[in-house]
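Notes for the structure review
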Amino acid sequence: MTNNILMQVNNLVLDRRSVTVLDIEKLNVTAGKILVLIGPNGAGKSSLLLTLAGLLKFQKGRLNYQGISIKSGKDRLMLRRNCSVVFQESLLLDETVYKNVALGLKLRGKNNNIKADVEEALYYFGVNNLAQRSARNLSGGEAKRVSLARAFALKPQLILLDEPFSSLDPPTNEGIIDDLQRILEKTKITAVIASHNREETLRLAHDVAVMNNGKIIQIGTAAEVFNQPVNEFVADFVGAETILEGIVKSNHDGIMMITVKDKTIEATGNYAGGEKVYCCLRPENIMISREIQNKYSARNFFPAKVKKVHNQGIFNKLILDCGFPLVAYITKNSCEDLSLQEDDSVVASFKATAVHVIRREK
Amino acid sequence: MELIGEGIKKALELIISFDPEVMGITFLSLKISGLATLISLFLGISAGTAIALINFPGKKIVISLVNTGMGLPPVVVGLFVTVLIWRNGPLGFLEILYTPSAMIIAQAIIATPIVMGISLAAIQHLPENLRLQILSLGATRLQMVWVLIKEARLPLLAAVMAGFGGVISEVGASIMVGGNIKGYSRVLTTATVMETSKGNFDIAIALGIILLLLAFCVNLILTQIQQRQRPR
């Protein structure tokens, strides 16, 4: 076993009904870390999770768990007994909460400390008072907490969570994510989470793998993937809401001048003059003012017209026209201070380092 | 109305006096239909669960056949079993025609598709990912099937009631393969038919009431079990 690598995947191919749903060249799951798989629906996140959990039989390639190659049904049973899976649905049995949480321990033959383990797991997720309630009479949030407690009661080496929060309302979600984060930190259990929510991903992930069409497109730390997407698909998916086509005009010591429409954007990077590129900008990196502010260290200032103001709860999303489209987030208070309305003239500014540049093939 | 009143009066008399012949018929009915139901439970739940969980070509046709079998006419089953166990039939060497054993076989054949159909529907009705969830908790395949059957226990108890109800009230096959021999293969349904044909309506009504009471008592017990198993 490679040092602190809990699980390794190499050239793994999974076919279902004669269609290849997974084609993973390489993936390492590091012990004690949280890996979040993100991607659109049908990207293969759930299939990969189920394969890692020993629940799906793959056709080609290697899956190593702690140095053991998973090949036979016996190996998959061993793998299943070292992991826990939490599905999108809570999938509780028509029994009491206690019996639901105890089931896995009984199935694994861990009969010594069932009561203490169940109580501890229920306590972790704040549902110890529900132990004798029927699992059928729980709210969505309570059921989710019980399903998480059932998974943690097994004290697994690896926990796999398949979009565990997608069926819950935002306030319920918030509390459960907080608890999960705290417990994962405390227990140091390795986790792989499938998600399509950027905020969840940023909150929980040490590492992020972006998937599409059954393949891993990019893998790296959360900061790497979110700030340096390798292509337009990743950039779009991780929320660089402004993606502009441009051509590098010049590059002096890593400071590029990029022509976008008839404007010039200053950005950092190593592309040579003449190269076609995408300039990706995250909306939270755009600053808005009524006039050019010299006190900013930003290198890019563009007069803009406010085309649309979308209410997004605690902040507003501005659609700007600077000669090219630009999306910016601004808090409600700032919006009021600047008395911003549609068709107003403003100045949009951003740092050269806020522009992530990707080579463009077309 | 007078006839029904007489029948109810006669039924009460027969029950209160523990009439040995009626008691014998009642116990034999219970024994034959109970054993047939047990056999059908074993076969029906196993096959129904297997069909629900395993994907194979022609699965939809098999499910259609099972559903058709749920309405199997008892006289056709009676005819089929009689031909099989007839002296010169393929199973004639067993020499069980006109015996309670033949009645148990015929009734089990009637009840099995009913139990199988309800079991199949009950297991298929469980959430699709539940079996993966149970496997992920560390279950072997066999443990997973057992947990699923336990989870589907409420509809499965309904399958027991439907199976038992189907055979305790059945008459065609029992007469054909059992022969309605007094003290040996006479059950409540066959005795009711015989007494009606003889014009002894009071006894026929009494037997009918006992049959209804028996079916009610068995279903009452099963319903109690079914409802008690549900956590509050």
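All figures in this text were calculated on a predicted structure; none of them were measured in a lab.

Before going further, it helps to spend a moment on the sheet that holds strand S14 (residues 276-281) of chain A. All names here are of chain A. An order of S13-S12-S11-S14-S20 is seen for the five strands of this open sheet, with the pairing classed as antiparallel. Whereas interior strands pair on both sides, the edge strands pair on one side only; in this sheet they are strand S13 (263-268) and strand S20 (356-359). Across the sheet, the axes of successive neighbouring strands diverge by a mean angle of 45°, strand direction being ignored. Pairing of S14 with S20 involves four bridges; the strand directions are antiparallel. Looking across to S20, one finds that Tyr-278 is bridged to Ile-358.

It is worth spelling out unusual backbone geometry at this point. In this structure, Glu-163 of chain A is a non-glycine residue whose phi angle is positive, near 40°. Structurally, Glu-163 of chain A can be placed in the loop between strand S7 (158-162) and helix H6 (170-187).

Moving on: helix H3 (residues 97-107) of chain A. Among the eleven residues that make up H3 of chain A, eight are buried, leaving the element largely enclosed by the rest of the structure. Three or more residues of H3 of chain A are buried, namely Val-97, Asn-100, Val-101, Ala-102, Leu-103, Gly-104, Leu-105 and Leu-107 of chain A. Those residues of H3 of chain A hidden inside the fold are in contact with helix H4 (114-124) and helix H5 (140-153) of chain A together with helix H6 (130-136) and helix H7 (141-151) of chain B. Among the residues trailing H3 of chain A, Gly-109 of chain A stands out with phi positive, at a value near 75°.

Here we come to the pairing of strand S11 (residues 242-252) of chain A. All names here are of chain A. Where S11 and S14 come together, six bridges link them in antiparallel fashion. When the sheet's bridge partners are listed, Ile-243 is paired in S14 with Cys-280. Two strands pair when backbone bridges link them, and S11 and strand S12 (residues 255-260) are joined in this way by five bridges, in the antiparallel orientation. Directly across from Ile-247, in S12, lies its bridge partner Thr-259. Connecting the antiparallel pair S11 and S12 is a turn made up of two residues, with Asp-253 showing a positive phi of about 55°.

This part covers the packing of helix H8 (residues 153-168) of chain B against helix H11 (residues 201-228) of chain B. Residue and element names in this part refer to chain B. Running from amino to carboxyl end, H8 crosses H11 at an angle of 170°, the nearest separation of the two axes being 10 Å. Overall, the two elements H8 and H11 adopt an arrangement that is roughly antiparallel. Where H8 abuts H11, its residues Leu-154, Leu-157, Ala-158, Val-160, Met-161, Phe-164 and Ile-168 lie against Leu-211, Leu-214, Val-218, Asn-219, Leu-222, Thr-223, Ile-225 and Gln-226. Across the contact of H8 with H11, the residue classes tally to twelve nonpolar, three polar and no charged.

Right, let's get into a nonpolar patch on the surface. Residue and element names in this part refer to chain B. Taken together, the side chains of Met-1, Ile-4, Ile-8, Leu-12 and Ile-16 make up a nonpolar region of the molecular surface, amounting to roughly 570 Å² of accessible area. Checked against the element boundaries, Ile-8 lands in helix H1 (residues 2-16). Ile-8 sits in the partly exposed class, given a relative accessible area of 40%.

Turning next to the interface of chain B and chain A. Across the boundary between the two partners, chain B contributes 20 residues, which contact 27 residues of chain A. Taken together, the two surfaces of chain B and chain A that pack against each other cover about 2,100 Å², and 57% of this comes from carbon and sulfur. Interface area lost by chain B to chain A is led by Gln-133, Leu-137 and Glu-151 of chain B, which between them contribute 28%. Linking chain B with chain A are one salt bridge, by the criterion used here. Taking the shortest distance from any N to any O, the salt bridge between Arg-136 of chain A and Glu-151 of chain B comes out at 2.6 Å. Listed by contribution, the elements that provide at least two residues to the side of chain B that touches chain A are H6, H7 and H8 of chain B. The greatest single-element share of the side of chain B that touches chain A, amounting to six residues, is contributed by H6 of chain B. Partitioning the side of chain B that touches chain A into residue classes produces ten nonpolar, six polar and four charged.

Let us now look at the domain arrangement of chain A. Residue and element names in this part refer to chain A. Under the domain assignment used here, chain A contains domain 1 (5-234) and domain 2 (240-359). Each of domain 1 and domain 2 has a C-alpha centre, and the two are 38 Å apart. Across the boundary between the two partners, domain 1 contributes eight residues, which contact six residues of domain 2. Looking only at domain 1, the three residues that lose the most surface to domain 2 are Phe-226, Pro-229 and Glu-232, adding up to 61% of its buried area. Remark: the boundary between domain 1 and domain 2 carries zero salt bridges. For the pair domain 1 and domain 2, the number of links is two residue pairs in polar contact (both at pLDDT 80 or more). Residues of the side of domain 1 that touches domain 2, tallied by class, amount to three nonpolar, three polar and two charged.

All names here are of chain A. Of all six residues that make up strand S19 (residues 345-350), five are buried, and the element is covered over most of its length. Note: strand S15 (residues 287-289) against S19, three bridges, orientation antiparallel. Among the inter-strand pairings, Ser-289 is bridged to a residue of S19, identified as Val-347.

All names here are of chain A. Strand order in the open sheet formed by six strands is S6-S7-S8-S3-S9-S10, with mixed pairing between adjacent strands. With partners counted over all chains shown, the strands left at the sheet margins are strand S6 (83-86) and strand S10 (215-221), one partner each. Here the average twist between neighbouring strands, direction ignored, is 15°. As defined by bridge partners, strand S3 (residues 34-38) adjoins strand S8 (residues 190-195) across five bridges and the pair is classed as parallel. Opposite Leu-37, over in S8, you have Ala-194 as the bridge partner.

About the cut-offs
Residues numbered from 1 in each chain as written. Chains lettered and ligands numbered in written order. Predicted model: local features only at pLDDT ≥ 70, side-chain atom pairs only at ≥ 80, totals over all residues. Heavy atoms only, no water. Pairing = 2+ DSSP bridges. Helix = DSSP H or I, 4+ residues; strand = E, 2+ residues; numbered from the N terminus. Axes fitted to C-alpha atoms, helices over the stretch in contact; angles between N-to-C directions. Buried < 20%, exposed > 50% of the residue type's maximum accessible area, 1.4 Å probe, protein only. Contact = heavy atoms within 4.5 Å. Parallel < 35°, antiparallel > 145°, perpendicular 65-115°, else oblique. Nonpolar A, V, L, I, M, F, W, Y, C, P; charged D, E, K, R; others polar. Patch = residues over 30% accessible without salt bridge, like charges linked within 9 Å, V, L, I, M, F, W, Y side chains within 5 Å. Areas by Shrake-Rupley, 256 points an atom, 1.4 Å probe, with all protein chains shown as cover. Salt bridge = Lys/Arg side-chain N within 4 Å of Asp/Glu carboxyl O. Buried area = accessible area lost by both parts, 1.4 Å probe. Domains from an automatic or database assignment. Polar contact = N/O pair within 3.5 Å; in protein donor to acceptor, adjacent residues only side chain to side chain.

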